[in-house]
Amino acid sequence: MLTSKYILFNQYFKTFMIKDLFSLMYPHTCALCNAGLARGEYMICTRCDFRLPKFRNCDESNSFLPLLSGAHLYSFLYAFIKYYKKGIGQKLLQKIKYDNKPDLAFFIGNRLGLEFIPPNPGFEMILPVPLHKKKLKKRGYNQADFFAKGISDSTGIKWSPDVICRIKNNPSQTNKSRMERIKNVEGIFNVEKIDLIISKKILVVDDVITTGATLLACSEVLEEAGAHVVGVASIALAKG
Ligand SMILES: [Zn+2]
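Residues numbered from 1 in each chain as written. Predicted model: local features only at pLDDT ≥ 70, side-chain atom pairs only at ≥ 80, totals over all residues.

## Side note on the overall build of the protein chain
Worth spelling out the cut-off: A run of DSSP states H or I qualifies as a helix once it reaches four residues; a run of E qualifies as a strand once it reaches two. Both are numbered from the N-terminal end. Burial in this document is a count-based property: other C-beta atoms within 10 Å of a residue's C-beta are tallied, and the residue is buried at 20 or more, exposed at 12 or fewer, or partly exposed in between, with C-beta positions derived from the backbone.
Broken down by element type, the protein chain carries 10 helices and 6 strands. For the protein chain, the residues scored as buried account for 37% of the 240 residues in total.

Structure below.
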């Protein structure tokens, strides 16, 4: 049986390896403030990292599970930051979404996997919430794909970008009430590869969770297709 010290050492070792890899692959400026990165800093400088409203651990993010309570019960909720409409948390999401920085989503996914998700976490596949093909063409990438890929990279659990398809290009969820959001996402997803997910325990991931309506719609089609959606993860979780 692995001791907690060994697991901790293993996680530090993996962090070291990943950081080393990032230092070779990415520019030496902070993705949030453009300051030069010091030795040992990767993607985000220490000052910006300190200012990010991060969850302390998975117990803290899990305590927000009741926010999502509704038609589907999840066993866990992993989120990296608490989302506020202003400040550095919003900047992080804007950079990921609109500033052509999918590598930042990968980096956050990687850290979430290392810092929050325990070994043998109880899910077998990571599925990102898909974008509609028109939006994907316009943006060039789906940030949730890169976030999922980052989690997969640090946990060793496989992910797939094309199990679920967004069949309707629904209007933005911004400025909608919880009920309007639930209606807005009804029937927008379809499961394309049922054989890959039957009886599988799934973690569904998205960039932001607000009311959870989008994740719920996604979870429902997956459950109808025979999967068990056991948890959700996001870069940011809107608090209350
Ligand atoms: Zn910075």
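Moving on from the coordinates now.
## So, the sheet that holds strand β5 (residues 201-209)
Where we set the bar: One requirement defines pairing of two strands: DSSP has to find at least two bridges between them. Every axis in this analysis is a line fitted to C-alpha atoms, fitted for helices over the stretch in contact. Angles between the N-to-C directions lie between 0 and 180 degrees.
Across the sheet, which stays open at both edges, the 4 strands sit in the order β1-β6-β5-β2 with parallel pairing between neighbours. Strand pairing shows two members of the sheet lacking a second neighbour, β1 (76-83) and β2 (125-128), which therefore form its edges. Going from strand to strand, the sheet's axes swing by 20° on average, the running direction of each strand aside. Sheet topology places β5 next to strand β6 (residues 228-238); 8 bridges connect them, and they run parallel. Looking at β6, one finds that Val 205 is bridged to Ala 233.

## Digging into helix α10 (residues 213-224)
The following threshold applies: Expected helix span is taken as 1.5 Å per residue step, with the number of steps being one fewer than the number of residues.
Given a rise of 1.5 Å per residue, 12 residues ought to cover 16 Å, and the 17 Å separating the end C-alpha atoms of α10 matches this to within 8%. All of the buried residues in α10 are Ala 213, Thr 214, Leu 215, Leu 216, Ala 217, Cys 218, Ser 219 and Leu 222. Phi for Gly 226, located one or two positions after α10, is positive at around 105°.

## Concerning the packing of helix α5 (residues 102-115) against helix α7 (residues 143-155)
Filter applied, for reference: The sense of a crossing depends on the near helix, which, turned anticlockwise from the far helix by less than a right angle, makes the crossing left-handed and, turned clockwise, makes it right-handed. Distance between backbone-placed C-beta atoms decides contact: two residues are in contact if it is within 7 Å. Put simply, Ala, Val, Leu, Ile, Met, Phe, Trp, Tyr, Cys and Pro go in the nonpolar bin, Asp, Glu, Lys and Arg in the charged bin, and everything else, Gly too, in the polar bin.
Interhelical geometry of α5 versus α7 gives an angle of 35° and a closest axis separation of 7 Å. As α5 packs across α7, the resulting crossing turns out to be right-handed. Listed contacts from α7 to Pro 102, Ala 105, Phe 106, Phe 107, Ile 108, Gly 109, Asn 110, Leu 112, Gly 113 and Leu 114 of α5 are Gln 143, Phe 146, Phe 147, Ala 148, Lys 149, Gly 150, Ile 151, Asp 153, Ser 154 and Thr 155. The class makeup of the residues in the contact of α5 with α7 is 11 nonpolar, 7 polar and 2 charged.

## Description of the nonpolar core
Worth spelling out the cut-off: Note on definitions: a nonpolar core is a set of buried residues drawn from Ala, Val, Leu, Ile, Met, Phe, Trp, Tyr and Cys, linked by C-beta atoms within 7 Å. Residue ranges assigned to the domains are those given by an automatic or database domain assignment.
Residues Ala 79, Phe 147, Ile 202, Val 204, Val 205 and Ile 235 are the most contacted members of the largest nonpolar core, which totals 59 residues. Mapped by element, the contributors of at least two residues to this core are β1, α4 (88-98), α5, β2, α7, β5, α10 and β6. Three or more residues apiece are contributed to this core by two domains, here domain 1 (1-51) and domain 2 (54-238). Filtering out sequence-adjacent residues up to four positions away, Ile 235 remains in contact with Phe 80, Ile 81, Leu 93, Ile 96, Ala 105, Ile 108, Phe 147, Asp 207 and Val 208.

## Section: the environment of Arg 56
Within the secondary structure layout, Arg 56 lies in the loop between α2 (46-51) and α3 (58-62). Classification of Arg 56 as exposed rests on a count of 9 C-beta atoms within 10 Å.

## Quick look at unusual backbone geometry
If you check the backbone angles, Asn 100 has positive phi at about 55° while not being a glycine. Mapped onto the elements of the fold, Asn 100 is located in the loop between α4 and α5. Given 12 C-beta atoms within 10 Å, Asn 100 falls into the exposed group. Phi is positive for Asn 120, close to 50°, though the residue is something other than glycine. Among the secondary structure elements, Asn 120 is positioned in the loop between α5 and β2. Here Asn 120 falls in the exposed class, since 9 other C-beta atoms lie within 10 Å of it.

## With respect to the confidence of the model for the protein chain
Threshold: A residue's pLDDT is simply how confident the predictor is in it, with values from 0 to 100.
Scored by pLDDT, the protein chain comes out at a mean of 86, with 85% of its residues at no less than 70. Per-residue pLDDT, averaged within each element of the protein chain, yields its smallest value for helix α1 (residues 4-25) (55) and its largest for β2 (98).

## As for the pairing of β5
The criterion, for reference: Seen with its strands pointing away from the viewer, a crossover is right-handed when the path leading from the first strand over the helix to the second is clockwise.
In terms of burial, β5 is a largely internal element, 8 of the 9 residues being buried. Where β2 and β5 come together, 4 bridges link them in parallel fashion. If you follow Pro 128 over to β5, its bridge partner there is Val 205. Handedness of the β-α-β unit built from β5, α10 and β6 comes out right-handed.

## Side note on α4
Since there are 3.6 residues in each turn of an α-helix, residues three or four apart along the chain are aligned in direction. Keep this limit in mind: Here the arc refers to the directions that run from the helix axis out to each C-beta atom.
Gly 89, Leu 92 and Ile 96 are the residues of α4 that are buried. Projected down its long axis, α4 carries its buried residues within an arc of 60°, all on one side. Relative to its buried face, α4 has exposed residues pointing more than 90 degrees away, namely Gln 94 and Tyr 98. Those residues of α4 hidden inside the fold are in contact with β1, α5, α7, β5 and β6.

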